[in-house]
Amino acid sequence: MKLKNKVALVTGAGGGLGRSYALLFAKEGAKVVVNDLGGTRDGGGAGSAMADKVVAEIKEMGGEAVANYGSVSNAADAQAMVDQAVSAFGKIDIVVNNAGILRDKTLVKMTDEMWDLVIEVHLKGTYLVTKAAVLAMSENGGRIINTSSLAGLLGNYGQANYGAAKAGIAGLTRVVAKETQKMGITVNAIAPVAKTRMTQEISMVPESFEPEDIAPLVGWLASDEASHVTGRVFGAHGSHYFEYVVEQTPGIDLGEKRWTLESVGQRFDEITAMPKGAPVLDEASGGLVEDARKLFAAIPATYRAEKAGDWKAKMKFDLGGLATFSLIVAGGATEFLDGAVDGATATVTFDGPQTILDMARGVLAPEQAFMGGKVKTDNMGALMKFGQYFNLGKAAAVLGDIAPVAGAAPGKHGLNKDLVGKVHRGSAAFVLKEDIQAFAGATDDQTNPAYLDGTQAPAIFPVRPLLSMLHAAIADPELNADMLRLVHGEQDMRFHRHLKPWDLAAPRAEIQSIETKASGELLNIRQWLMVDGELTTEVISGLFIRGESKGGGEKKPAAEAPKREYIYSEKHTVSSDQPSRYADASLDRNPIHLDPDVAKAAGHPSVILHGLCTMAFASRAVINGACGGKPERLQRLKVRFSKPVLPGWVLETRIWKESSTLGITTYGLEVVNQDGVAVITNAIAEVA
Ligand code: NAD
């Protein structure tokens, strides 16, 4: 028993979380004052039944408890509940400020009464009970555990009053912790998520998150063991415990100089940049850095001056913070610098020296390193030129352990068919309301209010949680996929249930098949999302890897388009920032969508839009035109991407009916641009 002979007051303990704390405290040997006003969820009414019931439960299990029916927001009541602990049990050791109500409304619809009531119960109530408790604990010390909330710490739509109160409680916790440390009192807060009366209608809180999952954290914070923990805020989402920390970036100090509006704008990224953890230069990484230094020193000798023309660059290479080297290119000459060059025109950051060594030795393809996040740059164009005008493979000869390879790319060609059936598993992550809203925003899907307020995810949204697994499968070094020749050809999505906030979604991917075609190879990757053991979304992405030899395969003349009776069509103009907005919302930051130099190098006039964003436009048209506006009726959407889409284009999705059996209607659809050129073809939608 960790709380033997302790005396605890739990406010709002007549149900939900407070009840589970009171029961656990009693089980651990504490005597409990069970406070509850006994009103409704929104703060109306009052009664003694709720507190009495929990007292009876404690007594039934052999514990000691008394009921208190006061309101935490009333100063006299707050004092009385602390006094009652002392009069009934002789002292007070533990207070859990847990009582609470909800009056949710968006700011513009909120009345002053709703604001005042919520602030009164949560913030003022916590203040009043804490003040009375601190006075009573000042000699013998104690434990105070407050209740904050994600709504206040991270923000939540429609809860300005509640969020303000809960953020206020986090602030109160930190301040009072400082003020009471010398009295031996600890003050902490928790931000729980569990199914209770308060959250019963909020579908994003899973039924499986029970108050009993949260209670052990509160019980431990209340125990003697936690005497060193104070002024901190912990999250408890069901059985997932974590800490909320407030971070401060190192920022920029201009010293004597004064900021101007211009300099704030220019240096905003530096002001807000988070430092990386300090890397450790141990013996092993020291050896790698030495090898990398040799390699970089040998790079200038491989310069293809005749190709580079008058290219000028100052390239800085950071090896995961362990070392910095530079290459200065001017006119026909290049020079290696052991350190950082002043006024770098491009910074290339490797996750460590191993990556550049692997690339030079030809065991890691540059595209794989890039897609896998092992290499980052602020100037993609310069990095591509670096790849073209220097020969890393040749420079690797100085490492003495390999025969130099002709180019930087690995020698092997063709996909490794042994990998068919290999499954990649990602860790589960919550579907967040703000991610849903961002995705709906980036795909201009403003038609469905459920997407806008973030209570339901758009049909195509699962591609976001699945992306990391798709990348893991493609960038698997054993697969040997040449990313620069890869084209996303088809996407087939089956929707068993559309996602909603707080779904804890676990992504998976499997290499389903690899087929050799006349002009390349077709790689089918199956991806799926599991939520609580339930399969919600299945996807097959068909990726085509163009063969080395251009030409050969004669294009068949396009068949005459059949006459179709369209039942619905919808137009959409691709905005100039659509690729970057979609990149942010989907996490797919392939530079072909963001960097004009990369797009040009790949033969496009400008950055191109993600195929899946075009698919999202098509899904919206299907939901509007064939599902009667009800997303849950969409069972499957399969498309073929036939042409890259450019910003500024006006796309039209046209839908026609194909067949209907067993309650499922199959529609055909296509997406064409303003010149009638099809960008999505051979598409079908199955609608229930
Ligand atoms: P709940 O409604 O079951 O519990 C709140 C209790 O407080 C009720 O029994 C109510 O009668 C009592 N109460 C209300 N006003 C009172 C007053 N003025 N004086 C005394 N008692 C009063 O809800 P819950 O989910 O158990 O909530 C407990 C605490 O956890 C609240 O502070 C809530 O804001 C917080 N919280 C809960 C969740 C969650 O997911 N359940 C999430 C974040 C924060």
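1. Overview of the overall build of the protein
Thinking step 1. The helix and strand inventory of the protein stands at 21 helices and 24 strands.
Thinking step 2. Sequence-distant contacts in the protein: of pairs separated by 6 or more residues, those separated by 24 or more amount to 69%.
Thinking step 3. Accessible surface for the protein amounts to roughly 32000 Å². Of this, 53% is attributable to carbon and sulfur atoms.
Thinking step 4. When the 71 basic and 80 acidic side-chain charges of the protein are each reduced to a single mean position, those positions are 2 Å apart.

2. Some words on a negative patch on the surface
Thinking step 1. A cluster of acidic residues, Asp 112, Glu 113, Asp 116 and Glu 120, forms a negative patch on the protein surface.
Thinking step 2. Assignment of secondary structure puts Glu 120 in helix H4 (residues 112–137).

3. Quick notes on the nonpolar core
Thinking step 1. Membership of the largest hydrophobic core comes to 53 residues, with the highest contact counts inside it found for Ile 460, Met 615, Val 622, Leu 634, Leu 637, Leu 651 and Leu 669.
Thinking step 2. By residue number, the principal contributor to this core is helix H21 (residues 611–625), which donates 9 residues.
Thinking step 3. For Leu 651, the contacting residues outside a window of four places in its chain are Glu 570, Lys 571, His 572, Val 574, Thr 614, Phe 617, Val 645, Val 671, Val 672, Asn 673 and Val 679.

4. So, the site of the ligand
Thinking step 1. By nearness alone, 31 residues border the ligand, and Leu 17, Asp 36, Asn 98, Tyr 162 and Thr 196 come closest of all.
Thinking step 2. Within the side chain of Thr 196, an N or O atom sits 2.5 Å from an oxygen atom of the ligand.
Thinking step 3. In the model, an oxygen atom of the ligand is placed 3.4 Å from a nitrogen or oxygen of the Arg 197 side chain.
Thinking step 4. Alone, the ligand offers 810 Å² of accessible surface; in the complex the protein occludes 97% of this.
Thinking step 5. Those elements that provide at least two residues to the shell around the ligand are helix H1 (16–27), H4, helix H6 (160–180) and strand E6 (185–193).
Thinking step 6. Grouping the constituent residues of the shell around the ligand by class yields 12 nonpolar, 16 polar and 3 charged.

5. Topic: the sheet that holds strand E8 (residues 240–244)
Hydrogen bonding along the main chain pairs the strands of a sheet, whether they run parallel or antiparallel.
Thinking step 1. On the basis of which strands lie adjacent, the open sheet formed by 8 strands has the order E3-E2-E1-E4-E5-E6-E7-E8 and mixed pairing. Of all the strands in the sheet, the pair left with one neighbour each is strand E3 (65–68) and E8. Averaged over all adjacent pairs, the angle separating strand axes in this sheet is 20°, with direction ignored.
Thinking step 2. Taken together, the 4 bridges between strand E2 (residues 31–35) and E3 define a ladder with parallel strand orientation. When the bridges of E3 are listed, Val 34 appears paired with Ala 67.
Thinking step 3. Its contacts with the sheet put H4 on strand E1 (7–10), strand E4 (94–96), strand E5 (142–147) and E6, and the angle it makes with E5 is roughly 175°.

6. Here we look at unusual backbone geometry
Thinking step 1. One non-glycine residue with positive phi stands out, namely Asp 444, at about 50°.
Thinking step 2. Topologically, Asp 444 is positioned in the loop between helix H16 (433–442) and helix H17 (449–452).
Thinking step 3. In the Ramachandran plot, Trp 502 falls in the positive-phi region, its phi being about 70° despite a non-glycine side chain.
Thinking step 4. You can see Trp 502 is positioned in the loop between strand E16 (486–495) and strand E17 (504–517).

7. A look at the packing of helix H18 (residues 463–474) against helix H19 (residues 578–586)
Thinking step 1. At a minimum axis separation of 9 Å, H18 and H19 run at an interaxial angle of 80°. Viewed along their axes, H18 and H19 adopt a mutual orientation that is roughly perpendicular. Contacts between H18 and H19 involve Val 463, Arg 464 and Leu 467 from the first element and Tyr 582, Asp 584, Ala 585 and Ser 586 from the second.
Thinking step 2. Residues of the contact of H18 with H19, tallied by class, amount to 4 nonpolar, 1 polar and 2 charged.

8. Digging into the environment of Asn 673
Thinking step 1. By the element assignment, Asn 673 lies in the loop between strand E23 (664–672) and strand E24 (678–687).
Thinking step 2. Exposure remark for Asn 673: the relative accessible area of 6% places this residue in the buried category.
Thinking step 3. Here the side chain of Asn 673 touches Asp 675 through a polar contact of 2.9 Å, landing on its backbone nitrogen.

Reading the values: rules and limits
Each chain has its residues counted from 1, running along the sequence as written. Only residues with pLDDT of at least 70 get local features here, since the model is predicted, and only at 80 or more are side-chain atom pairs given and counted; chain-wide, interface and lining totals rely on the full set of residues. By convention in this description, side-chain values take in all heavy atoms of the structure and omit both hydrogens and water. Numbering of helices and strands runs from the N terminus, with a helix taken as a DSSP run of H or I at least four residues long and a strand as a DSSP run of E at least two residues long. Should any heavy atoms of two residues lie within 4.5 Å, those residues are considered in contact. Exposure was quantified through the Shrake-Rupley algorithm and a 1.4 Å probe, taking into account, for residues, occlusion by the shown protein chains and nothing else. When charges are tallied, Lys and Arg are placed among the positive residues and Asp and Glu among the negative ones, while His and the ends of the chain are skipped. By convention, charge coordinates are those of NZ in Lys, CZ in Arg, CG in Asp, or CD in Glu. Only residues whose relative accessible area exceeds 30% and that take part in no salt bridge are eligible for patches, with like-charged residues grouped when within 9 Å of each other and nonpolar side chains (Val, Leu, Ile, Met, Phe, Trp, Tyr) grouped when within 5 Å. Any carboxyl oxygen of Asp or Glu that lies within 4 Å of a side-chain nitrogen of Lys or Arg is treated as forming a salt bridge with it. Definition used in this section: a nonpolar core is a set of buried Ala, Val, Leu, Ile, Met, Phe, Trp, Tyr and Cys residues joined via side-chain atoms within 4.5 Å. Only protein chains enter the area calculation, which uses a 1.4 Å probe; residues under 20% of their type maximum are buried, those over 50% are exposed, and those in between are partly exposed. Only heavy atoms are used to decide nearness, and a residue is near a molecule or strand if one of them lies within 4 Å of it. Under the rule applied, a polar contact is a pair of N or O atoms within 3.5 Å (in protein, one hydrogen donor and one hydrogen acceptor; residues adjacent in sequence only if both atoms are side-chain atoms). Throughout this entry, Asp, Glu, Lys and Arg are counted as charged residues, while Ala, Val, Leu, Ile, Met, Phe, Trp, Tyr, Cys and Pro are counted as nonpolar. The remaining residues, Gly among them, count as polar. For two strands to pair, DSSP has to find at least two bridges joining them. Axes, fitted as lines to C-alpha atoms, cover a helix only where it is in contact. Angles between the N-to-C directions of the axes lie from 0 to 180 degrees. Orientation is classified from the angle alone, with under 35 degrees giving roughly parallel, over 145 giving roughly antiparallel, 65 to 115 giving roughly perpendicular, and any other angle giving oblique.

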